[in-house]
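Listed below are the residues making up each chain.
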Amino acid sequence: MSLNIKPKTAALITAGVAVTASIGYMIYFDNKRRNDPTLKRKLKKEKKKAQKQEKQIEEAVKSSALQLIESVMAAAEKEPLPTTPEAKEKYFMEQVGAGESLCNKGEAFYNDAVLPFYLALRVYPAPMELIMIYQKTVPEPVFQMVINIMALDQQKRQNLFYEKFPGKDTNTRLAELPAGVNEEGTPVVRRSLVADKDIAEGEVIYTERPLVSALFPELEGSHCNFCLKLLNEENKVECPTCDLVAFCSQECAATANEDYHKYLCSHNKSTEIKEADEAEDKNIALEFHQVSKEKNVKYPYMIARFLSAMVAEELSKQKEGEKVGETTFGAWDHVDRFRYLETSASADSTSEIAMLKQVLGPKVQGISEFLSDEIYLMLKGKLLFNAYGIPASSEDTVVRESDEHMRSTDKEGKYIGAGLYKLSTYIGQSDDAPNVKLSFENDKLTVTAVKPISKDDELLASYTLPVPKKN
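All values reported here derive from a predicted model rather than from experimental measurement.

Caption draft 1: Spatial organisation of the sheet that holds strand β11 (residues 444-449). One open sheet accounts for 3 strands, arranged β3-β11-β10; its pairing is antiparallel. Taken across any chain shown, the strands that pair with only one partner, and hence form the sheet edges, are β3 (204-208) and β10 (436-441). Within the sheet, the average angular offset between the axes of one strand and its neighbour, ignoring direction, is 20°.

Here is the structure:
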């Protein structure tokens with residue numbers, strides 16, 4: 001009797017036989033694995049060998065990546081960067097073009113493309129914005145390498161910052177001290193100022209002027225806009241183009257104008273052509289001052305001064321030039337490292353941001369893009385947490401109460417304004433056992449020991465906090 005089997009059926013039977021044989025072998029193999037000690041040892045040896053090979057491959061990949069990162073960072077350090085906005089824009093376009101050209105040649109050129117993309121990132125005014133663009137347009141291996149290099153560069157820069165700051169002449173250093181645990185139970189540390197030597201009672205440890213300071217708006221004209229000194233008829237120097245501010249000397253007037261006032265002056269007594277911020281006969285700089293005065297707030301103006309001073313600092317760097325391989329630190333490097341109070345957006349903050357952009361926008365290129373809601377609220381939070389109240393030098397000075405928190409060193413004192421200090425920000429708080437006192441001459445702060453302080457002891461002062469102290 002013949003048996004005709006269709007091709008499809010034959011294929012299914014063949015597959016079934018193969019599967020059955022395979023299952024049978026698996027059962028046999030599993031039995032051998034569980035019962036044959038020789039096979040057990042052989043499999044264990046092969047597993048170890050495979051793991052070793054896998055680890056070697058992984059280490060080789062890591063080593064290759066680290067070599068690439070180190071070579072790119074070394075090349076970037078030697079690369080002279082442009083200083084003017086025009087030169088930076090040209091350089092940026094050239095580097096991005098070079099990176100794209102290399103990527104278009106294929107994966108073999110991806111490593112070569114990392115350097116130009118990273119160099120472009122170094123001169124771009126809004127790095128995070130460019131990173132988001134890179135994420136969408138640059139091949140993943142190149143993008144990840146650029147991110148890794150940027151992270152390492154930032155870590156290197158941060159380490160160098162704390163090596164250089166504070167200077168030896170301050171008799172202090174920054175130390176990492178325990179600050180409890182977070183919600184996950186992980187230990188938290190805080191940077192605080194400690195003595196770098198034994199300090200005697202009554203010894204002046206250091207003095208410093210603020211990164212930025214400001215008067216309450218209603219005291220403008222009666223105190224120096226720059227150093228906050230009380231004015232009289234002999235020392236008063238008026239701004240030639242506005243009647244909102246005055247200074248105690250020509251030196252203060254010149255420094256203020258160079259650092260920030262040329263960007264913030266309302267020109268309300270000037271006969272010159274109206275400034276760009278006075279569109280449609282509306283003097284935004286004047287309105288900004290009047291609104292701040294009405295609400296008795298100083299921090300919006302302090303932020304404006306800080307941003308203006310950052311621009312002046314950048315322009316100064318461009319004139320002087322930065323040597324290849326040299327790392328310098330500016331006001332932003334300090335403020336960026338300060339702790340801050342979380343603040344929420346409000347109608348007032350929205351209005352303040354809008355006015356600041358109108359005042360500075362026509363004069364400071366890129367400020368409108370830089371000054372996001374997040375940046376403004378962060379800066380305001382840093383002032384609320386860290387700024388010290390600057391006391392009045394005269395008992396006759398009348399000051400209204402303000403809702404803005406500042407570190408008050410005398411609960412009964414009257415404060416004419418506030419200052420943000422790059423070193424004294426790190427002084428610890430203690431009402432029970434302070435070992436230093438803070439005193440002010442205008443906006444210059446002096447820190448003096450009130451008891452003997454041993455080397456490595458934390459500097460502690462009595463001042464108010466914006467939030468309850470954590471135990």
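Caption draft 2: Summary view of the side chain of K382. As for its position among the elements, K382 is in helix α13 (residues 373-386). This buried residue, K382, is left without a salt bridge; D336 holds the nearest opposite charge, at 5.2 Å. Side-chain polar atoms of K382 contact the backbone oxygen of F338, separated by 2.5 Å. Once you skip the residues sitting within four places of it in the chain, K382 turns out to touch V335, D336, R337, F338, R339, Y340, L341, A387 and L420.

Caption draft 3: Local environment of the pattern of salt bridges. Applying the stated criterion to the full structure yields 17 salt bridges. For E352, the salt bridge is made with K380, and the minimal N-O distance between the two is 3.1 Å. Of this pair, E352 sits in helix α11 (residues 347-360) while K380 sits in helix α13; the two residues are 28 residues apart in sequence, bridging distant segments of the chain. Considered together, E352 and K380 belong to a single accessibility category, that of buried residues. For E441, the salt bridge identified is with K444, shortest N-O distance 3.7 Å. The partly exposed category is assigned to K444, whose relative accessible area is 33%. Among the charged side chains, a salt-bridge network with shared partners connects K168, R173, D196 and D456.

Caption draft 4: Representation of the pairing of β10 in the model. Only one face of β10 is buried, namely the one carrying V436, L438 and F440, since none of K437, S439 and E441 on the opposite face is buried. Bridge count between β10 and β11: 6 bridges; the pairing is antiparallel. Counterpart to E441 in the pairing with β11 is K444. In textbook terms, the turn of a hairpin is the stretch between consecutive antiparallel strands, and for β10 and β11 this stretch comprises 2 residues, one of which, N442, has a positive phi near 55°.

Caption draft 5: Region of the structure containing the side chain of S408. Residue placement: S408 occurs in the loop between β7 (388-391) and β8 (415-420). Among the polar contacts listed, one links the side chain of S408 to the side chain of Y415, at a separation of 3.0 Å. The residues touching S408, leaving out its near neighbours within four places in the chain, are Y415, S462, Y463 and T464.

Caption draft 6: Quick look at the packing of aromatic side chains. Under the counting rule described, the total for this entry stands at 11 aromatic pairs. Over the ring of Y299 we find K298; its NZ or CZ atom is 4.4 Å from the centre of that ring.

Caption draft 7: Expanded view of unusual backbone geometry. The residue after F165, namely P166, is reached through a cis peptide bond having omega -5°. Residue placement: P166 occurs in the loop between α6 (140-164) and β1 (172-181). Positive phi values are uncommon outside glycine, yet N442 reaches one of about 55°. Assignment of secondary structure puts N442 in the loop between β10 and β11. The backbone phi angle of D456 is positive, close to 80°, even though this residue is not glycine. Tracing the sequence through the fold places D456 in the loop between β11 and β12 (460-461). Residue class for D456 comes out partly exposed when judged on its relative accessible area of 43%.

Caption draft 8: Broad picture of the sheet that holds β7. Judged by pairing direction, the sheet is antiparallel, and its 3 strands sit side by side in the order β4-β8-β7 without closing on themselves. Two strands bound the open sheet, and with one partner strand each, they are β4 (212-215) and β7. Strand-to-strand twist in this sheet, taken as the mean axis angle between neighbours without regard to direction, amounts to 30°.

Caption draft 9: Representation of the environment of L219 within the structure. In this structure, L219 sits in the loop between β4 and β5 (237-238). Assessed through its relative accessible area of 6%, L219 is described here as buried. Sequence spacing of L219 and V398 is 179 residues, and the spatial spacing of their C-alpha atoms is 8.8 Å. What L219 contacts, discounting residues up to four positions off in sequence, is T397, V398, V399 and I416.

Rules used in this analysis
Residues numbered from 1 in each chain as written. Predicted model: local features only at pLDDT ≥ 70, side-chain atom pairs only at ≥ 80, totals over all residues. Heavy atoms only, no water. Pairing = 2+ DSSP bridges. Helix = DSSP H or I, 4+ residues; strand = E, 2+ residues; numbered from the N terminus. Axes fitted to C-alpha atoms, helices over the stretch in contact; angles between N-to-C directions. Buried < 20%, exposed > 50% of the residue type's maximum accessible area, 1.4 Å probe, protein only. Lys, Arg positive; Asp, Glu negative; His and termini not counted. Salt bridge = Lys/Arg side-chain N within 4 Å of Asp/Glu carboxyl O. Polar contact = N/O pair within 3.5 Å; in protein donor to acceptor, adjacent residues only side chain to side chain. Contact = heavy atoms within 4.5 Å. Phe/Tyr/Trp six-rings, centres within 6.5 Å; stacked < 30°, edge-to-face > 60°. Lys NZ or Arg CZ within 6 Å of the ring centre and 35° of its normal.

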